Amino acid sequence: MHSDEKQIIENTKSFVKKTLKNAEAGHDWFHIERVYKNSLLIASTEKCTLFVVSLAALLHDIADSKFHNGDETMGPKISKEFLTAQKVNPETIDHVVKIIENLSYKGGQTVKTHTSKELDIVQDADRLDAMGAIGISRAFHYGGYKNRLLYDPQIKPNLSMSKEEYKNSTAPTINHFYEKLLLLKGLMNTETGKKLAEQRHDYMVHFLNQFFDEWGGKL
């Protein structure tokens, strides 16, 4: 990576830290940093453009639609404006914006409008952060943020939600494991992502077994 690209990455880090200073803890700078580091880890085992991977990982949640009235255009727009001001070439900007537009889970029903190795890498890194101990922590933090129930045996997980149903769901947090988190292992794109997902998936299964044993008074 060239020295000017490294400087742009440092500028991007500063911009993201400032922009997400008061963000919800599951989508704050620390989330971005984890996704960035996991992206670099996965990228080290793939043939890709590291500059694109780095920028997309750092900017992927600059304006998450969950916190902007469902507006999915804000993140790509802010990213494009920032990268243009940084004098990044238009081809790279276009690639980064397309990655951001296609990254989100959205109920798992959305067809990608762009494909690239760089998208595969950042998407895997983002999905890894929704799994394992971190994923469990983020899920319950967001559930508390939205004042959702932990669990209600009468409310069954909806495994065939549309994109809109997924976005507007108010179901208990435990349901989210079945509606998204436990499905991620089977949706990983890269070999490294798949390997890293295995342990995190198993950890969540163990947690759920413990949760239901405690809930039912078995422990």
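Below: a short report on this structure.

In a regular helix each residue adds 1.5 Å, so 25 residues correspond to 36 Å; helix α10 (residues 191-215) covers 36 Å between its end C-alpha atoms and thus fits that length. Of all the bends in α10, the largest measures some 25° and sits at A197. Taken together, the buried residues of α10 touch α2 (29-43), α6 (117-128), α7 (132-145) and α9 (173-179). Downstream of α10 by one or two residues, G217 has phi in the positive range, about 75°.

As a further point, take the nonpolar core. As a rule of thumb, nonpolar side chains are buried together in soluble globular proteins. If you look at the biggest cluster of nonpolar residues, it comprises 52 residues, and the most contacted ones within it are L83 and F177. When residues of this core are assigned to their parent elements, the largest contribution, eight residues, is made by helix α3 (residues 50-59). Once you skip the residues sitting within four places of it in the chain, L83 turns out to touch L55, L59, V88, I93 and V96.

Turning to the packing of α3 against helix α5 (residues 90-103), a few remarks are in order. At a minimum axis separation of 9 Å, α3 and α5 run at an interaxial angle of 45°. On the basis of the axis angle, α3 is oblique to α5. Crossing handedness for the pair α3 and α5: right-handed. Side by side, α3 and α5 meet where F51, V52, L55, A56 and L59 of the first sit next to T92, H95, V96, I99 and I100 of the second. Each residue belonging to the contact of α3 with α5 can be placed in one class, and the counts come to eight nonpolar, two polar and no charged.

Counted according to the given criterion, the structure contains eight salt bridges. E10 is paired through a salt bridge with K13; the nearest N and O atoms lie 3.3 Å apart. Of this pair, E10 and K13 both sit in helix α1 (residues 3-19), three residues apart, which is roughly one turn of the helix. Looking at E10, the relative accessible area reads 39%, which means it is partly exposed. Across the pair E191 and K194 runs a salt bridge, and its minimum N-O distance is 3.5 Å. On the criterion of helical spacing, the pair formed by E191 and K194 is a turn pair, its members being three residues apart in helix α10. A cluster of three or more residues bridged by salt bridges with shared partners is formed by R34, D129 and R138.

Scanning the model with the defined rule gives eleven aromatic pairs in all. Centre to centre, the rings of Y151 and F211 are 6.0 Å apart; their planes meet at 85°, and the pair counts as edge-to-face. Of this pair, Y151 sits in the loop between α7 and α8 (163-168) while F211 is found in helix α10, placing the two residues 60 residues apart along the sequence. F211 sits in the buried class, given a relative accessible area of 14%. When the ring of F211 is compared with that of W215, the centres are 5.7 Å apart and the planes differ by 25°; the resulting orientation is stacked. With a gap of four residues between them, F211 and W215 both fall in helix α10, about one helical turn apart. W215 gets classed as partly exposed once you look at its relative accessible area, which sits at 45%. Feature note: the residues F140, Y151, F177, F207, F211, F212 and W215 constitute an aromatic cluster, connected by ring pairs.

Criteria and thresholds
- Residues numbered from 1 in each chain as written.
- Predicted model: local features only at pLDDT ≥ 70, side-chain atom pairs only at ≥ 80, totals over all residues.
- Heavy atoms only, no water.
- Helix = DSSP H or I, 4+ residues; strand = E, 2+ residues; numbered from the N terminus.
- Expected span 1.5 Å × (residues − 1).
- Bend = angle between axes of the 7 residues up to and from the residue.
- Contact = heavy atoms within 4.5 Å.
- Core = buried A, V, L, I, M, F, W, Y, C linked by side-chain atoms within 4.5 Å.
- Buried < 20%, exposed > 50% of the residue type's maximum accessible area, 1.4 Å probe, protein only.
- Axes fitted to C-alpha atoms, helices over the stretch in contact; angles between N-to-C directions.
- Parallel < 35°, antiparallel > 145°, perpendicular 65-115°, else oblique.
- Left-handed = near helix turned anticlockwise from the far one by under 90°.
- Nonpolar A, V, L, I, M, F, W, Y, C, P; charged D, E, K, R; others polar.
- Salt bridge = Lys/Arg side-chain N within 4 Å of Asp/Glu carboxyl O.
- Phe/Tyr/Trp six-rings, centres within 6.5 Å; stacked < 30°, edge-to-face > 60°.

Just geometry here; none of it tells us what the structure is for.
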